[in-house]
Amino acid sequence: MTANSTAPQRAAIIINPAKTVDIDVRELAAKHSAENGWGETLWFETTKEDPGVGQAKEALAQGADIVIAGGGDGTVRCVAEVLSGGDIPMGLLPLGTGNLLARNLGMDITDYDGAMAGAFAGTERKIDVVRARRSDPEKEQLFLVMAGVGYDATIMADTDEELKHKVGWLAYVDAGIRNLPGKPVKATIVIDGQQAVRRGVRSVMVGNCGKVQGGLEIFPEAKMDDGLLDVAVLAPHHGRLGWLSVVAGMIGKGRGKDTAVEYFQGKTVEITLEHNDDYQLDGDHEGQGRHVLMSLDPGALTIRM
Ligand SMILES: [Mg+2]
């Protein structure tokens, strides 16, 4: 893809400057670029107004041979939005709280040097991405790990930032317990064009990967390269104990007997709620909505690690 075959390869790093790290990322990039005989690394910083999409486009325009997302899952999602469907791979320098994609890929999220080495000279693999199209407001976004409407999204919105920083995903569970009272919302879930269920749900979660922190493995059988979405419909029985049985069921990977959690697989899922409820993508609260169509784009993103 380089314009001039004699020009050295160049990496681009898109960094979220709000993430504080005890390493010099520029120095680390310079070291790996020198070791591999690459040119000077292109440096971009995300902003509140543009959390990564514009920077990733600019990196491609400047001829980057790899685009490294240096941030959390929000930065990763924005970079992936631009790279999906193209030939240029994405590298990961996990600097976030959750680092859900990196964890699902089996990366050691404390090894910055290893992450950078992998981005420059590691092996490539293709993973599925999910395009989520909302109609209220009209918006299309991509996600890589999981999205949800209802209760789990409320948890994302409510989580105490300081707590989130300290304990990561466990904070979400804590927020959940604080939030317990509430009502189910009537939802219609259509998988691959066929109505799967219609009932009062607390949450519908859609996964491309299975793992989150804190021992919760919401989709134990999800694979990020099998061409399938995994859907969990949480419709607990009434009351506090009902909801806790859902959480217990997930931790214990229980299925079958407890009808409070139902699992589906397919290539598309359409969720329609009776009224607006919270919505999240890869752990970021994205406001409220009542309709979303999610479809899988198999093997659309190349990761080098
Ligand atoms: Mg899958």
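What comes next concerns the included structure. Everything numeric in this text was worked out from a predicted model, so none of it was measured. (Residues numbered from 1 in each chain as written. Predicted model: local features only at pLDDT ≥ 70, side-chain atom pairs only at ≥ 80, totals over all residues. Heavy atoms only, no water.)

### Quick look at the coordination of the magnesium ion
Each pair of donors in an ideal four-coordinate tetrahedral metal site encloses 109.5 degrees, whereas pairs in an ideal six-coordinate octahedral site enclose 90 or 180 degrees.
Next, step 1: Within the first shell, the magnesium ion binds the protein through Lys 223 (O), Asp 226 (OD) and Leu 228 (O), at distances of 2.2 Å.
Next, step 2: For the magnesium ion, all donor residues lie on one chain, and their spacing in sequence is K-x2-D-x1-L.
Next, step 3: With a relative accessible area of 48%, Lys 223 lands in the partly exposed category. (Donors = N, O, S within 2.8 Å, 3.2 Å for Na, K, Ca; no water. Buried < 20%, exposed > 50% of the residue type's maximum accessible area, 1.4 Å probe, protein only.)

### Description of the packing of aromatic side chains
Next, step 1: Taken as a whole and judged by the stated rule, the model has 1 aromatic pair.
Next, step 2: Geometry around Trp 43 places Arg 26 over its ring, the cationic atom sitting 4.1 Å from the centre. (Phe/Tyr/Trp six-rings, centres within 6.5 Å; stacked < 30°, edge-to-face > 60°. Lys NZ or Arg CZ within 6 Å of the ring centre and 35° of its normal.)

### Quick word on the pairing of strand β2 (residues 42-45)
Next, step 1: Burial of β2 is one-sided: the residues Leu 42 and Phe 44 facing one way are buried, the residues Trp 43 and Glu 45 facing the other way are not.
Next, step 2: For strand β1 (residues 11-15) and β2, the ladder comprises 4 bridges, and the chain directions are parallel. The residue of β2 that forms the bridge with Ile 15 is Glu 45. (Helix = DSSP H or I, 4+ residues; strand = E, 2+ residues; numbered from the N terminus. Pairing = 2+ DSSP bridges.)

### Observations regarding the nonpolar core
Next, step 1: Counting residues in each nonpolar core, the largest one holds 57 residues, and the members touching the most others are Ile 68, Met 90, Leu 101, Met 116, Leu 144 and Leu 301.
Next, step 2: When residues of this core are assigned to domains, at least three fall in each of domain 1 (11-122) and domain 2 (129-298).
Next, step 3: Residues contacting Leu 301, with those up to four places away along its chain left out, are Ala 80, Leu 83, Ser 84, Met 90, Arg 125, Lys 126, Ile 127, Val 129 and Leu 144. (Core = buried A, V, L, I, M, F, W, Y, C linked by side-chain atoms within 4.5 Å. Domains from an automatic or database assignment. Contact = heavy atoms within 4.5 Å.)

### Quick word on the pattern of salt bridges
Next, step 1: Tallied over the entire structure, the rule returns 8 salt bridges.
Next, step 2: Residues Glu 286 and Arg 77 are paired through a salt bridge, measuring 3.3 Å at the closest nitrogen-oxygen approach. With a gap of 209 residues between them, Glu 286 in strand β14 (residues 284-304) and Arg 77 in helix α3 (residues 73-83) connect regions that are remote in the sequence. Like Arg 77, Glu 286 is buried.
Next, step 3: With a closest N to O distance of 3.1 Å, Arg 304 and Glu 124 form a salt bridge. Of the two residues, Arg 304 is situated in strand β14 and Glu 124 in strand β5 (residues 124-135); the sequence distance between them amounts to 180 residues.
Next, step 4: Residue Glu 124 is classed as partly exposed on the basis of its relative accessible area of 47%.
Next, step 5: Each member of the salt-bridge network shares a partner with another, and the members are Arg 77, Lys 139, Asp 284 and Glu 286. (Salt bridge = Lys/Arg side-chain N within 4 Å of Asp/Glu carboxyl O.)

### Considering the side chain of Gln 280
Next, step 1: Position of Gln 280 relative to the elements: it lies in strand β13 (residues 268-281).
Next, step 2: Looking at Gln 280, its side chain comes within polar contact range of the main-chain nitrogen of Asp 282, at 3.4 Å. (Polar contact = N/O pair within 3.5 Å; in protein donor to acceptor, adjacent residues only side chain to side chain.)

### Things to note about the pairing of strand β4 (residues 90-94)
Next, step 1: For β4, a buried count of 5 out of 5 residues is recorded, marking the element as mostly surrounded by other parts of the structure.
Next, step 2: The two faces of β4 match: Met 90, Leu 92 and Pro 94 on one face and Gly 91 and Leu 93 on the other face are all buried.
Next, step 3: Pairing geometry for strand β3 (residues 66-71) and β4, over 5 bridges, is parallel. In the sheet register, Val 67 faces β4, and the bridge partner there is Met 90.
Next, step 4: In this region the chain leaves β3, passes through α3 and returns to the parallel neighbour β4; the handedness of that crossover is right-handed. (Right-handed = clockwise from strand over helix to strand, strands pointing away.)

### Comments concerning the packing of helix α1 (residues 25-35) against helix α5 (residues 112-121)
Next, step 1: Orientation of α1 relative to α5, taken along the N-to-C sense of each, is 45 degrees, at an axis distance of 10 Å. In terms of orientation, α1 lies oblique with respect to α5. Relative to α5, α1 is oriented so that their crossing is right-handed. Residue-level inspection shows Val 25, Leu 28, Ala 29, Lys 31, His 32 and Ser 33 of α1 in contact with α5, the latter providing Tyr 112, Asp 113, Met 116, Ala 117 and Phe 120.
Next, step 2: Residue composition of the contact of α1 with α5, by class: 7 nonpolar, 2 polar and 2 charged. (Axes fitted to C-alpha atoms, helices over the stretch in contact; angles between N-to-C directions. Parallel < 35°, antiparallel > 145°, perpendicular 65-115°, else oblique. Left-handed = near helix turned anticlockwise from the far one by under 90°. Nonpolar A, V, L, I, M, F, W, Y, C, P; charged D, E, K, R; others polar.)

### Some details on α3
Next, step 1: In terms of burial, α3 is largely enclosed, as 9 of its 11 residues are buried.
Next, step 2: Taken as a whole, α3 has its buried residues at Asp 73, Thr 75, Val 76, Arg 77, Cys 78, Val 79, Ala 80, Val 82 and Leu 83.
Next, step 3: Immediately beyond the C-terminal end of α3, within one or two residues, lies Gly 85, with a positive phi of roughly 85 degrees.

### Observations regarding the environment of Met 224
Next, step 1: Looking at the secondary structure, you find Met 224 in the loop between β10 (203-207) and β11 (229-234).
Next, step 2: Overall, Met 224 belongs to the buried group, its relative accessible area being 8%.
Next, step 3: Measuring from C-alpha to C-alpha, the distance between Met 224 and Val 129 comes to 8.0 Å, with 95 residues separating the pair along the chain.

Read these as geometric descriptors, not functional statements.
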